[in-house]
Amino acid sequence: MSKRKRSDDDQVDADAVSSQTKHTLLQPSSAESSLSTVVASHYNNIKETGLDVRNKSRIVYMRNFNNWIKSMLINEYVLAIRKECDVSSSLRVLDMCCGKGGDLLKWKNNDVKHLICVDLAQISVEQCEQRYNEMKERNTNSRCPDLFSAEFVTADCTKMKINELFGNQDQSFDIVSCQFSFHYSFESVSQAECMVRNAADNLRPGGYFIGTIPDANDIVLRLRQTNTRSFGNDVFKIQFSGDVTKSFPLFGARYDFFLEDAVNCPEFLVHFPTFVKLAAKHGLKLVMKERFRDYFQRMNDTGRQLLGRMQAFETYPAFGGSELQGKVEEYIHADEYMKRHRDCRRIGTLSKSEWEATCKFVSNFSKLRICSICSQRAYQREVIPSFLPVISSPNVSSLRSLATNFPTQRQLVATFFQIHIFKSAKTETQ
Ligand SMILES: C[S@@+](CC[C@H](N)C(=O)[O-])C[C@H]1O[C@@H](n2cnc3c(N)ncnc32)[C@H](O)[C@@H]1O
């Protein structure tokens, strides 16, 4: 394991951490803990593939789109924190369930000062650290050599106080981020509570807890529509076992999730009102939540250039010798749009299956604001794929289409991820 270098000077006791990555996992001692092992083993066994392989994936655009959502979310809340108080030189972030470090660049681009990355899967943490080291090396040779300092910790966030493994246990964070992962904690009440406690205890007063999780209501709604125990499409499948006609328990409502060359793992439904209550118990209050579709609609103006740069949409029709990711029938929505907009020669979109696999909402906690939780209606929207005019080579009419037609005429597909954003309410209680 490579040694960790420290460049963070003021609050962290460098001797105390002695340049080592920390790895601690509680051993499974009961049936309840065994799924953590399954999850860790799944993520540990995912091979690191190069960019070439990733770019050939059937779900490359969906991945890019999800990454765009995360980038926008992170940018938005870094900006909010910077507006609310002057932490421009010392932004501290805790990335819970960091995976292989897919968000490192996002933190770098937001000029954070110190980042702690924690994950259950040791190999993922090692790869995350390696990515950081490579980034640091590239950065040293660049014109602005300052990169945030970082710590890498292997730990189960649902079973222990993770800050016991941090170099400085007393530091607090401006942002705690938990992307596409919080739902693993809903295996049991104690695990969910531990996860929330880890987020809340490590946030400074006024900090934000941001994240993305599956939309349990949407999953259950789709399940009920099928009259079977599973549903899915070309790129994903959700499989329940047992009797799915009865109500699901608040915790331990397990399903198996398969996503084209990315995930094959047990997950748990997150009963959102319970999540809100748990968060409130630990001083966090919902500020806002939005499904990915709504978040996208709100942010697509601000993030239009980034959408293009991140190639978050596939160009339809394919051109320049490239092929579409999905079968022709996966793009009927795009065809229909182009028939109605004859001046539009190409549009940016995802295939129907990818849209179905990727819509979500955002939530946000704060004692200062009134909770705004999505209405039931929001979960019940019809599943209709959507699209955008191509961003990378815009012309006036395609941009006009983008601005005017997209949100009102069609909805993004309702699917199974949500984004949650929480704000620590400790300020008020102190
Ligand atoms: C879908 S990946 C998301 C990774 C990363 N946050 C991202 O957005 O790219 C889910 C991650 O959650 C981690 N995870 C699941 N359960 C966990 C737990 N109890 N404690 C810490 N990490 C966990 C997995 O090891 C995996 O790396």
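Residues numbered from 1 in each chain as written. Predicted model: local features only at pLDDT ≥ 70, side-chain atom pairs only at ≥ 80, totals over all residues.

## Brief notes about the pairing of strand β5 (residues 173-179)
Working note: regular strand, side chains alternate between the two faces of the sheet. Of all seven residues in β5, seven are buried, a share of seventy percent or more. The β-α-β motif built from β5, the intervening helix α7 (residues 189-202) and the parallel element strand β6 (residues 203-213) has right-handed crossover chirality. (Buried ≥ 20, exposed ≤ 12 C-beta atoms within 10 Å, placed from the backbone. Helix = DSSP H or I, 4+ residues; strand = E, 2+ residues; numbered from the N terminus. Right-handed = clockwise from strand over helix to strand, strands pointing away.)

## Things to note about the nonpolar core
Residues Cys 117, Val 118, Ile 175, Val 176, Ala 199 and Val 270 are the most contacted members of the largest nonpolar core, which totals 92 residues. The biggest single contributor to this core is helix α4 (residues 60-84), with 11 residues. Excluding residues that lie within four positions of it along the chain, Val 176 makes contacts with Leu 94, Met 96, Ala 199, Asn 202, Leu 203, Gly 207 and Phe 209. Tyr 316, Tyr 331, Ala 334 and Ile 347 belong to the second-largest nonpolar core, a separate cluster that totals six residues. (Core = buried A, V, L, I, M, F, W, Y, C linked by C-beta atoms within 7 Å. Contact = placed C-beta atoms within 7 Å.)

## Some remarks on helix α8 (residues 216-226)
An α-helix turns once every 3.6 residues. As a result, residues three or four positions apart point the same way. Turning to α8, its buried residues number three or more, namely Ala 216, Asn 217, Asp 218, Ile 219, Arg 222 and Leu 223. Immediately downstream of α8, the backbone of Asn 227 shows phi near 60 degrees, a positive value.

## Side note on the sheet that holds strand β10 (residues 263-268)
As summarised here, the arrangement of the four strands in space is β7-β8-β9-β10, forming an open sheet in which the pairing is antiparallel. Taken across any chain shown, the strands that pair with only one partner, and hence form the sheet edges, are β7 (230-232) and β10. Adjacent strand axes in the sheet meet at a mean angle of 20 degrees when their direction is disregarded. Summarising the sheet, strand β8 (residues 236-239) and strand β9 (residues 254-259) pair through four bridges and their orientation is antiparallel. Considered in β9, the bridge of Lys 237 is made with Phe 258. (Pairing = 2+ DSSP bridges. Axes fitted to C-alpha atoms, helices over the stretch in contact; angles between N-to-C directions.)

## Digging into the site of the ligand
What surrounds the ligand is a group of 19 residues, the closest being Cys 97, Gly 99, Gly 102, Leu 120 and Gln 179. A total of four residues in the shell around the ligand trace back to one element, the largest contributor, which is helix α2 (residues 31-44). Residue classes in the shell around the ligand are distributed as 10 nonpolar, seven polar and two charged. (Near = placed C-beta within 6 Å. Nonpolar A, V, L, I, M, F, W, Y, C, P; charged D, E, K, R; others polar.)

## Structural notes on the UniProt feature "binding site: S-adenosyl-L-methionine" (unreviewed entry) in the protein
When the UniProt feature table is mapped onto this chain, "binding site: S-adenosyl-L-methionine" (unreviewed entry) is found at Lys 70, Cys 97, Asp 119, Asp 156, Gln 179 and Tyr 184. Locating Lys 70 in the fold gives a position in helix α4. Under the C-beta neighbour-count criterion, Lys 70 is labelled buried, with 20 such atoms within 10 Å. Setting aside residues no more than four positions away along its own chain, Lys 70 makes contact with Asp 103, Lys 106 and Gln 179. Tracing the backbone shows Asp 156 in the loop between β4 (149-154) and β5. On the basis of neighbour counts, which here come to 25 C-beta atoms within 10 Å, the residue Asp 156 falls in the buried class. (UniProt positions renumbered as here; feature names shortened; annotations may be inferred.)

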